[in-house]
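Spelled out from the first residue to the last, the chains are:
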Amino acid sequence: MSEQLNFKHKYVPSSDPTKGKTVLLLHGTGGNEESLIPIVEMVLPDAAILSPRGQIMENGMPRFFRRIAEGVFDLEDLKFQTQELAIFIEAASKTYGLESNEVIALGYSNGANIASSVMLTYPELISKAALFHPMIPFVPENPPDLSNTSILITAGTNDPIVSREETLELNNMFQDYGAEVEIFWHDSGHNLTREELDKTKNFLSES
Ligand code: MLT
């Protein structure tokens, strides 16, 4: 992979570099590199933050890959954008001196979907992930080894975009690939709730 800072992004240095954690922050459709920064400040305040802006524009709204319809993904573009993001993570790690840091993905909705896609394609890049309201991005042909990865999935029982079945299937898929996975349910919809952020804070504080 060639090295280039190929995404517009925001980088926030760690307030305690000895902790050695970087949050790869991935916004939802219509968000940008600033949208979720207050959430990281809440759930993992000492971490460095690497927050790219999705390169795809859908009716003026940034996203991380193209879709054909709600929940129907353009798999070729997903593959390309997943590789682009992997290139970005490696290049940004070198540029900001984060190479020895643990990379923790925190993504919401479309950002959670590209985070899963990166983990399924480049399992060595991310060791921990909090996925807010994810879907199954694609089913890999070759099973990745996720035995060093721990994942929190949060989901709403009344989510109009992500069904309960899809959440459970994603959980099972990650488990089949060796990941340690936990689902946190709340009874709201696709929105983030205080209780899921509290849960995320606990999950991220576990070593
Ligand atoms: C996606 O397109 O990644 C999902 O449908 C979530 C979203 O609406 O962004």
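Up top is the structure.
Residues numbered from 1 in each chain as written. Predicted model: local features only at pLDDT ≥ 70, side-chain atom pairs only at ≥ 80, totals over all residues. Heavy atoms only, no water.

Asker: Help me understand the overall build of the chain in this model?
Answerer: Secondary structure assignment for the chain yields five helices and eleven strands. In summary, the chain has a C-alpha radius of gyration of 16 Å against a globular reference of 17 Å for 207 residues, a match within 12%. Each principal axis of the C-alpha distribution contributes one length, and for the chain these read about 40 × 35 × 35 Å. When each of the 207 residues of the chain is scored for burial, the buried share is 54%. Here the analysis covers contacts within the chain between residues at least 6 apart in sequence; of these, 72% occur between residues at least 24 apart. In the form shown here, the chain has an accessible surface area of approximately 9,400 Å², with 47% of it arising from carbon and sulfur atoms. The positive charge centre, built from 15 side chains, and the negative charge centre, built from 30, are 6 Å apart in the chain. (Helix = DSSP H or I, 4+ residues; strand = E, 2+ residues; numbered from the N terminus. Rg over C-alpha atoms; globule rule 2.2 N^0.38 Å. Buried < 20%, exposed > 50% of the residue type's maximum accessible area, 1.4 Å probe, protein only. Contact = heavy atoms within 4.5 Å. Areas by Shrake-Rupley, 256 points an atom, 1.4 Å probe, with all protein chains shown as cover. Lys, Arg positive; Asp, Glu negative; His and termini not counted. Charge placed at Lys NZ, Arg CZ, Asp CG, Glu CD.)

Asker: Looking at this structure, how should I read the pairing of strand S8 (residues 102-108)?
Answerer: Regular strands show a simple pattern: their side chains alternate between the two faces of the sheet. Among the seven residues that make up S8, six are buried, leaving the element largely enclosed by the rest of the structure. Direction of pairing for strand S2 (residues 21-26) relative to S8: parallel, over a ladder of six bridges. When the sheet's bridge partners are listed, Val23 is paired in S8 with Ile104. Examined bridge by bridge, S8 and strand S9 (residues 128-132) share five bridges and lie parallel to one another. Bridging across to S9, Gly107 finds its partner in Leu131. Since S8 and S9 lie parallel, the crossover through helix H3 (residues 110-121) that links them has a hand, and here it is right-handed. (Pairing = 2+ DSSP bridges. Right-handed = clockwise from strand over helix to strand, strands pointing away.)

Asker: What exactly am I supposed to notice about unusual backbone geometry here?
Answerer: A negative phi angle is the norm for most residues apart from glycine, just as the trans form is the norm for most peptide bonds. Phi is positive for Asn59, which is not a glycine, with a value near 50°. One non-glycine residue with positive phi stands out, namely Ser109, at about 55°. Relative to the helices and strands, Ser109 is located in the loop between S8 and H3.

Asker: When you look at the pattern of salt bridges in this model, what are you seeing that I'm missing?
Answerer: Between side chains of opposite charge, a pair can form as their charged atoms come close. If you walk through the whole model with that rule in mind, you get nine salt bridges. Across the pair Arg63 and Glu58 runs a salt bridge whose closest N-O atoms are separated by 4.0 Å. On the basis of relative accessibility, which here comes to 19%, the residue Glu58 falls in the buried class. Among the ionic pairs, Arg67 bridges to Glu58, the shortest N-O distance being 2.8 Å. The partly exposed category is assigned to Arg67, whose relative accessible area is 22%. (Salt bridge = Lys/Arg side-chain N within 4 Å of Asp/Glu carboxyl O.)

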